[in-house]
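The residues making up each chain are set out below.
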Amino acid sequence: MSTQDRSEKDITLINQVPPENRLIEPLPEEKALAMFRQSQALLEGHFRLTSGRHSNQYMQCAQVLQYPAYASRLGQELARRFQKEDVQVVIGPAMGGVVLAQEVARALGGSVRSLFAERENGRMALRRGFWLQPGEKVLIVEDVITTGGSVQEVLELVGQLGGKPVGVGVLVDRSGGKVQFPVRKEAVLTLDIIAYTEETCPYCAQGLPIVKPGSRPV
Ligand SMILES: [Zn+2]
């Protein structure tokens, strides 16, 4: 057997390892939380949210996903939780789910594909030639959910295209766990970010200065 033949055989053998037998270490919640804090994806203080309400926490997942090492580790954790589902395709809604879908699919390994859905005339669609085969097992991922609206739309899209949704994996469930889907939902972090009106804000009452996240001094 030539060297080339052997290397091709090795690759075939690697691809035949069932993805569910790959060992992925669980990621403890406090370690995930530390990644969000260290990257400033999770800020704690006194904030004016986009809604105008006040809160003592502010979440911006893009901040943690800008570090591929963190994105990779968080993607592995979601992959681990769906390892037994025989996932064939991972789909995230653009923009929040794009990077995450890539990392989760990579961690699941084998021939798992990574796609993203995006809006076309206001409706979620698969564009760019992306496709689903009838019956393909699909995992939907998203960085953060508040009402779960985008994820619900992607779930419906997958159904319309003949795919079989097997789960929803999110990095942060901001609903405190209240949002549910017709399939199993897994969240790396579950937060209940409480937003107050200015009149009822306890941090205003304490006289703490307020910050508008993302704003830069001019
Ligand atoms: Zn306040």
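The structure this text deals with has already been given above.
The rules we used
Residues numbered from 1 in each chain as written. Predicted model: local features only at pLDDT ≥ 70, side-chain atom pairs only at ≥ 80, totals over all residues. Helix = DSSP H or I, 4+ residues; strand = E, 2+ residues; numbered from the N terminus. Buried ≥ 20, exposed ≤ 12 C-beta atoms within 10 Å, placed from the backbone. Contact = placed C-beta atoms within 7 Å. Pairing = 2+ DSSP bridges. Right-handed = clockwise from strand over helix to strand, strands pointing away. Core = buried A, V, L, I, M, F, W, Y, C linked by C-beta atoms within 7 Å. Axes fitted to C-alpha atoms, helices over the stretch in contact; angles between N-to-C directions.

(A) Molecular detail of the overall build of the chain. Scanning the chain from N- to C-terminus turns up 7 helices and 8 strands. A total of 218 residues make up the chain; the buried ones form 35% of that total. For the chain, contacts bridging at least 24 residues in sequence account for 69% of all contacts bridging at least 6.

(B) Geometry of the pairing of strand β7 (residues 164-173). Burial runs high along β7: 8 of the 10 residues are buried. For strand β6 (residues 137-145) and β7, the ladder comprises 8 bridges, and the chain directions are parallel. The partner of Ile-140 across the bridge, within β7, is Val-168. Handedness of the crossover joining β6 and β7 through helix α6 (residues 149-160): right-handed. Summarising the sheet, β7 and strand β8 (residues 185-190) pair through 5 bridges and their orientation is parallel. In the sheet register, Gly-169 faces β8, and the bridge partner there is Glu-186.

(C) Molecular detail of unusual backbone geometry. Residue Met-95 is bonded to the preceding Ala-94 through a cis peptide linkage, with omega at -5°. With respect to the element layout, Met-95 can be found in the loop between β3 (89-93) and α5 (98-108). Backbone geometry places Gln-40, a non-glycine residue, at a positive phi of 65°. For Asp-86, which is not glycine, the phi torsion reads 55° and is therefore positive. With respect to the helices and strands, Asp-86 occurs in the loop between α4 (68-81) and β3. Judged by the 14 C-beta atoms lying within 10 Å of it, Asp-86 is partly exposed.

(D) Molecular detail of the nonpolar core. Of all hydrophobic cores here, the largest spans 51 residues; its most connected members are Ile-91, Val-104 and Ile-140. Top contributing element to this core by residue count: α5, with 7 residues. Filtering out sequence-adjacent residues up to four positions away, Ile-91 remains in contact with Ala-101, Leu-115, Phe-116, Ala-117, Val-138, Ile-140, Val-154 and Val-158.

(E) Seen up close, the sheet that holds β3. The strand order across the open sheet formed by 6 strands is β5-β4-β3-β6-β7-β8, and the pairing between neighbours is mixed. Lying at the two open borders of the sheet, with one neighbouring strand each, are β5 (123-125) and β8. Going from strand to strand, the sheet's axes swing by 25° on average, the running direction of each strand aside. On the sheet, α4 packs against β6, β7 and β8 and is oriented at approximately 145° with respect to β8.

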